Each structure stands twice: as C-alpha cells, then as structure tokens.
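Chain residues, written in single-letter form:
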Amino acid sequence: MTSTTPPALARPAATVILARNVSDGIEVFMMERTTAVEFAKGMHVFPGGALDRADHHPEIASLCVGLDDKAASETLGIEQGGLAYWVAAIRECFEESGLLLGYRGSDQLLQLADHEAERLAALRVDMAQSKLSFMDILRQEQVKAATDRIAYYSHWVTQAGRPRRYDTRFFVAQAPEGQTALQDNHETVGQLWVRPDQAIDLHRAGKLNLMFPTIKTLESLASFKYVEELLEYARKPRPIQVM
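Figured I'd write up the structure that's included with this text.

## Examining the packing of aromatic side chains
Next, step 1: Scanning the model with the defined rule gives seven aromatic pairs in all.
Next, step 2: Look at Phe 94 and Phe 134: their rings are 6.3 Å apart centre to centre, the planes differ by 40 degrees, and that puts the pair in the tilted class. Of the two residues, Phe 94 is situated in helix α2 (residues 83–97) and Phe 134 in helix α4 (residues 134–141); the sequence distance between them amounts to 40 residues. Judged on exposure class, the residue Phe 94 and its partner Phe 134 are both buried.
Next, step 3: Where Tyr 153 meets Tyr 233, the ring centres are 6.2 Å apart and the plane angle is 70 degrees; that geometry is what we call edge-to-face. Here the residue Tyr 153 occupies a position in strand β7 (residues 150–157), and Tyr 233 occupies one in helix α7 (residues 227–235), the gap between them amounting to 80 residues.
Next, step 4: Ring-pair connections join several aromatic residues into one group, and the members of that group are Trp 86, Tyr 152 and Phe 171.
Next, step 5: The lysine or arginine in question, Arg 20, covers the ring of Trp 193, its NZ or CZ lying 4.1 Å from the ring centre.
Next, step 6: The ring of Tyr 85 carries the charged tip of Arg 169 above its face, separated from the ring centre by 5.6 Å.

## Thoughts on the environment of Tyr 103
Next, step 1: Structurally, Tyr 103 can be placed in strand β5 (residues 102–103).
Next, step 2: Remark: the alpha-carbon pair of Tyr 103 and Ala 89, spanning 14 residues in sequence, is separated by 16 Å.
Next, step 3: Non-local contacts of Tyr 103, meaning those with residues more than four positions away in its chain, are made with Val 65, Gln 108, Leu 109, Gln 142, Val 143, Lys 144, Ala 146, Asp 148 and Arg 149.
Next, step 4: A distance of 2.9 Å separates the side chain of Tyr 103 from the side chain of Arg 149, its partner in a polar contact.

## As for the pairing of strand β2 (residues 25–33)
Next, step 1: In terms of burial, β2 is largely enclosed, as eight of its nine residues are buried.
Next, step 2: Of the pairings in the sheet, the one linking strand β1 (residues 10–22) to β2 comprises four bridges and is antiparallel in character. Residue Ala 19 lies in a different strand from β2, and its bridge partner there is Val 28.
Next, step 3: Linking β1 back to β2 in an antiparallel pair, the connection comprises two residues.
Next, step 4: Sheet analysis places β2 next to strand β3 (residues 44–45), joined by two bridges and oriented antiparallel. Paired with Met 31 across the two strands is Val 45, which belongs to β3.

## With respect to the packing of helix α1 (residues 69–76) against α2
Next, step 1: Closest axis-to-axis distance for the α1/α2 pair is 7 Å, and the angle between their directions is 90 degrees. Relative to α2, α1 is oriented roughly perpendicular. Two secondary-structure elements touch here, α1 through Asp 69, Ala 72, Thr 75 and Leu 76 and α2 through Leu 83, Tyr 85 and Trp 86.
Next, step 2: Broken down by class, the residue content of the contact of α1 with α2 amounts to five nonpolar, one polar and one charged.

Rules of the game
- Residues numbered from 1 in each chain as written.
- Predicted model: local features only at pLDDT ≥ 70, side-chain atom pairs only at ≥ 80, totals over all residues.
- Heavy atoms only, no water.
- Phe/Tyr/Trp six-rings, centres within 6.5 Å; stacked < 30°, edge-to-face > 60°.
- Helix = DSSP H or I, 4+ residues; strand = E, 2+ residues; numbered from the N terminus.
- Buried < 20%, exposed > 50% of the residue type's maximum accessible area, 1.4 Å probe, protein only.
- Lys NZ or Arg CZ within 6 Å of the ring centre and 35° of its normal.
- Contact = heavy atoms within 4.5 Å.
- Polar contact = N/O pair within 3.5 Å; in protein donor to acceptor, adjacent residues only side chain to side chain.
- Pairing = 2+ DSSP bridges.
- Axes fitted to C-alpha atoms, helices over the stretch in contact; angles between N-to-C directions.
- Parallel < 35°, antiparallel > 145°, perpendicular 65-115°, else oblique.
- Nonpolar A, V, L, I, M, F, W, Y, C, P; charged D, E, K, R; others polar.

Here it is in structure tokens:
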C-alpha cells in the first residue's frame, strides 16, 4: 500500500517592504540570504520571517503605538493574534538589518547616534543568541514599536508540496532616516536599495535571484512614484486576495 505524506503546514510569517523616495521614483530595501539556509537560499528578499511565540506576548501591546490586537486582527481578517504579525515584521527587520521602526519619547521615528547604533548592534547579537527577547530590548531602550507606521499590503502562502511553507503577510513602511542598515552575516550576507523595476531587470539578466512572490510584489510596487502614494494605497480598506 502506498503511503501519502500530508502537506507541511504553512507557518505564519511577516515581511516588511521598506521604501524610500528617490529622484526617479521609489527604492526598496532588499537583503541577500546566505546559501546555508533551507528556505530561499541565495535569494534577495525583503526583511521578514516566521512569527515567534513572544510576538504574541500579552504585554506586547503596551509597547506598540497606534494599533491593538482587535484592529490588527480585523485588518487581516482573523479572529485574534493579528498584532503579532506587525510585531514580527518590525522584529525581523531589526534582527536581519539593524533598522528599527520605533519611537523614543516623540512622534518621530528613531534616529541613532553612533554610540546608540553600536549598542543596538550588540543587543541584536544577544537577541539572535536568545539571550534577550525583542520585548526586552524595547523595554531596555525605552522604545515603542512603530506599528502605526507599517501598512498591510498583500498575503502569500507557499504552495503545497514544498518542504517548508509559510503563510506570509506583507507590509509596507517608509524607511527610517538616520539609521544605517547592516546585515547580520548569519542569515543575510548582503543588501541593496533598488528601484522595483531595476530589481526585475537584474533578475532577468541573471544578476539577482528572486522568488515568484518577490517578483510579483516588485511588479506591483513599480507603479508607485512616491512612498506616500504607496502607503495611502496600502491603508485603504480593500479585499486582499490570498496568493
């Protein structure tokens, strides 16, 4: 008798597309993944990853600005746990790139002096080694997550039959100024700012490895001339089809 293996469950995940205005449109931030990982090896991707249990911590809402679980869940069309996707997007972005979407005592996104950047870089290492949680870092640094600055953009689920599957919510946000990205040299080994149409051209020329959801996302982003226009579109209530 032939046995059948049930398809792998799709793990909840979050990805954030950081965008900035340039003279001829917008650029997005992409990171090159190492070939030593199981998923998306050697690919250029947007910062992101699977949700952690700590992203659902009951106290995390007190460290978020402008969004609670009820509103987040309604936006995603789920019963509960929606805020964890926003938290995971910000956490993964910080863990992989060092860019932190957060506030410290004002309504302006965090800008980092050199000594602060060095301290946060050390805390990133501690977080990667599970010595600190993201919530620990927010508390220690007296920072609140800028969950009000990222907007839900799209929803992708890895097709059945793949050994690793993710149920990923894509978000968009304006890149923080006064911060410098630095890959973790563990999961990510490179980075670049690139116009969406340029990224697609580089992929076609064999110079940039992209997954299908990334290509389709870049194609959709290419139509926006300003980050503000992109965010306005993302924040409008609209049905989001699972891809």
